[in-house]
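Listed below, chain by chain, are the residues.
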Amino acid sequence: MLIEEYISTDKPERGKILLVDDQVVNIKILHQLLHQDYDIHMATDGLKAIEICEKIQPDIILLDIEMPNLNGFDVCAKLKQRAETRSIAVIFVTGHFDLEKEVQGFQLGAVDFIHKPINPVITQARIKNQFKLKRQSDLLRSIALLDGLTGVANRRKFEQHTPTTWQHCLRDKLPISIVMLDIDFFKRFNDCYGHSKGDECLRKVAQTINSRARRPYDLVARFGGEEFICVMPNTDFDGALFVTQQIVDSIIALKIPHEGSDVMKFVTISAGLASVIPSQNMELQALIESADKQLYRAKSQGRNRVEA
Ligand code: GH3
Ligand code: MG
Ligand code: MG
Ligand code: MG
Ligand code: MG
């Protein structure tokens, strides 16, 4: 996702809340209070609650403590263990003022407590505050992982994301493809047109690459100066070659003038592709190096091309 999409706040999406309580009557009271302002999901036991959290990732969970089987504390601990559910804000809703329980809840990572019988005004205010905090921290987290100039993911995001993607492909025996891309004769572009035109060119190139690798799990990141990397899980060699050739073609189609290029009088890009179905004795780093080696070949074979 591009940086502009994150920070456009003209129509903030409705928040998602999961209500969890083994007593249906308690869920009804909270639903009544909150359904006008938020999208509400519900669960009457801990296991179901975790399942819903993994599936829809609510912003906030209002969690009862005393429940048969998995209690609220167990649910909270499990949510905090997993990267996918860690950032869900947990607010415990509890029937008793028990200091020790509150301490335990906060230690497990809860952000607040609400006491039953609930006070509607206090409950709404606390939830609203948590939403504000959650929105701000989500925004900060996402901005920290985006490249400020081009708006695509940055190197840090690539380094956080790619080992997980690799593990998924290893576990599910799926192919993964990595493409390294590097703008041709870009030093001369800067020398000829100046740095601010150079920056503008980088933005256009980045957004064009990003618009070509747009499956939900694809990642396009700025790897360094005028180099980009594209990670495509569940994409085999043929599929990735098709996408990469499309990227190379769509950069020429931008028709950005480049008098200093030896290739043609427009900006072009070179690409190196490597694909593999991961197995235990392979390493992600080797796949990246292989894509980089192919990029080097694309440069020496005349640029404006894909080598694989
Ligand atoms: P090649 O075709 O072999 O890739 O040649 P090149 O000139 O593109 O490669 P080289 O690595 O020699 O130069 C890369 C240039 O990219 C150097 C620098 O001027 C430019 N560059 C790197 N980061 C930025 C940036 O953020 N903004 C601008 N305007 N230019 C940048
Ligand atoms: Mg209960
Ligand atoms: Mg380079
Ligand atoms: Mg270059
Ligand atoms: Mg390199």
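Residues numbered from 1 in each chain as written. Chains lettered and ligands numbered in written order. Predicted model: local features only at pLDDT ≥ 70, side-chain atom pairs only at ≥ 80, totals over all residues.

A. Structural view of the site of ligand 1. With respect to spatial proximity, 17 residues lie near ligand 1, and among them Asp184, Phe186, Lys187, Gly198 and Gly225 are the closest. Elements with a minimum of two residues in the shell around ligand 1: strand S6 (176-183), helix H8 (186-193) and helix H9 (195-212). Taken together, the residues of the shell around ligand 1 break down into five nonpolar, four polar and eight charged. (Near = placed C-beta within 6 Å. Helix = DSSP H or I, 4+ residues; strand = E, 2+ residues; numbered from the N terminus. Nonpolar A, V, L, I, M, F, W, Y, C, P; charged D, E, K, R; others polar.)

B. Up close: helix H10 (residues 237-253). Spanning 17 residues, H10 covers 24 Å between terminal C-alpha atoms, matching the ideal 24 Å at 1.5 Å per step. Restricting attention to buried positions, one finds in H10 the residues Ala240, Val243, Thr244, Ile247, Val248 and Ile251. Seen along its axis, H10 keeps its buried residues to an arc of 140°; they face one direction. Exposed residues pointing more than 90 degrees away from the buried face of H10 are listed as Asp238, Phe242 and Ala253. The inward-facing, buried residues of H10 abut S6, H9, strand S8 (227-233), strand S9 (269-276) and strand S10 (306-307). (Expected span 1.5 Å × (residues − 1). Buried ≥ 20, exposed ≤ 12 C-beta atoms within 10 Å, placed from the backbone. Arc of directions from axis to C-beta. Contact = placed C-beta atoms within 7 Å.)

C. Inspection of the pairing of strand S2 (residues 39-43) at higher detail. Relative to S2, strand S1 (residues 16-20) runs parallel, the two sharing five bridges. Looking across to S2, one finds that Lys16 is bridged to Asp39. One crossover worth recording links S1 to the parallel S2 by way of helix H2 (residues 24-34), and it is right-handed. (Pairing = 2+ DSSP bridges. Right-handed = clockwise from strand over helix to strand, strands pointing away.)

D. Main features of the nonpolar core. By size, the foremost hydrophobic cluster in this structure holds 41 residues, and its most contacted members are Val179, Ile229, Cys230 and Ala271. Contributions of two or more residues to this core are made by S6, H8, H9, strand S7 (219-224), S8, H10, S9 and helix H11 (284-300). Residues in contact with Ile229, not counting those within four places in the same chain, are Phe158, Ile178, Val179, Met180, Ala221 and Phe223. Core analysis: the next-biggest nonpolar cluster, separate from the first, contains 28 residues, Leu18, Ile61, Ile88 and Ala110 among them. (Core = buried A, V, L, I, M, F, W, Y, C linked by C-beta atoms within 7 Å.)

E. Focus on the sheet that holds S6. A sheet is described by the order of its strands in space; here five strands give the open sequence S7-S8-S6-S9-S10, paired in mixed fashion. Each end of this open sheet is capped by a strand with a single partner; those strands are S7 and S10. Of the strand pairs in this sheet, S6 and S9 are connected by eight bridges, and their pairing is antiparallel. When the bridges of S9 are listed, Ile176 appears paired with Val276. Each of S6, S8, S9 and S10 touches H10; the most contacted strand, S9, lies at about 170° to it. (Axes fitted to C-alpha atoms, helices over the stretch in contact; angles between N-to-C directions.)

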